[in-house]
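Here is what each chain is made of, one letter per residue.
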Amino acid sequence: MQKEKILRFILLIFSLVGLLTSLYLYSLHTSLQSSPAICDINSKFSCSNLAQSGYSSFLGFEIAAIGALGYGFLLLLSLFLVVQSFQNLLPKKVTEHHLLQVYLFCIIIAVLFTFYLIAIEIMIQIFCIGCMVSWITTLILCLTSWCLYHNHNEKIEYKFER
């Protein structure tokens, strides 16, 4: 049970890290940031250069905004998984198992999209440190949610075997 609490807390923390990173990258894209970006090292490693390039949008939507919405949704799901009183806001038919399934589905989509974004950065030879933080965050969330889902399924199977 302690392991499960730690995994849920990791989901909450890293969903928040992803949201804050995406909001920062979005501010670079919309030029709300007046000072130089903290992740601009040179012309090859530059969040600003990537944010201002034509590759910073996908199907007309800003990639950082897509990330902020995605991480925001994952943060909301994490809150439902961590804070017991939030679960009372959900319909009775929605169980923790359902929440974990939705979380895992969303994060797998995010991982696939992350691989696409990595391929673009390799192709154009501009690397964004903030994006790398987001990649690592996404992978941590995927591994953590997979462990939590697997652990939860084992508990369900154990109950059925009794």
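Described below are features of the structure shown in this document.

Conventions used here
Note that residues are indexed from 1 along each chain, following the sequence as it is written. For this predicted model, a pLDDT threshold of at least 70 governs which residues receive local features, and a threshold of 80 or more governs which side-chain atom pairs are given and counted, while totals over whole chains, interfaces and linings are taken from all residues. To obtain the side-chain values, all non-hydrogen atoms of the structure were included, while hydrogens and water were left out. Strands here are runs of E lasting at least two residues and helices are runs of H or I lasting at least four, both read from the DSSP assignment and numbered beginning at the N terminus. To sort residues, take the accessible area from a 1.4 Å probe on protein chains only and compare it with the maximum for the residue type: under 20% means buried, over 50% means exposed, and anything in between is partly exposed. Residues are treated as being in contact if the distance between any of their heavy atoms lies within 4.5 Å. Computed with the Shrake-Rupley method and a 1.4 Å probe, the accessible areas treat only the protein chains shown as cover for residues. By convention a nonpolar core is built from buried Ala, Val, Leu, Ile, Met, Phe, Trp, Tyr and Cys residues, the set being connected through side-chain atoms within 4.5 Å.

A closer look at the overall build of the protein chain
Stage number 1. Within the protein chain one finds six helices and two strands.
Stage number 2. Reading the protein chain from its N end, one meets helices and strands in the order α-α-β-β-α-α-α-α.
Stage number 3. Going through the 162 residues of the protein chain one by one, you find that 40% of them count as buried.
Stage number 4. Contacts in the protein chain between residues at least 24 apart in sequence constitute 73% of all its contacts with a sequence separation of at least 6.
Stage number 5. Here the protein chain displays about 9,700 Å² of accessible surface, and carbon together with sulfur accounts for 71% of that area.

Thoughts on the environment of His 97
Stage number 1. Along the chain, His 97 falls in helix 5 (residues 96–124).
Stage number 2. Exposure remark for His 97: the relative accessible area of 18% places this residue in the buried category.
Stage number 3. In this structure the C-alpha to C-alpha distance between His 97 and Leu 81, which are 16 residues apart in sequence, comes to 9.8 Å.

Brief notes about the nonpolar core
Stage number 1. In terms of nonpolar packing, the biggest core is built from 21 residues, with Leu 11, Leu 74, Tyr 103, Ile 107 and Leu 141 touching the most fellow members.
Stage number 2. When residues of this core are assigned to their parent elements, the largest contribution, seven residues, is made by helix 3 (residues 63–82).
Stage number 3. Apart from the residues lying within four places of it in its own chain, the contact partners of Tyr 103 are Leu 11, Ser 15, Leu 74, Leu 77, Ser 78, Leu 141 and Ser 145.
Stage number 4. Counting 14 residues, the second-largest nonpolar core is a separate cluster that includes Ala 37, Ala 51, Ala 64 and Ile 126.

In short, geometric facts, not functional conclusions.
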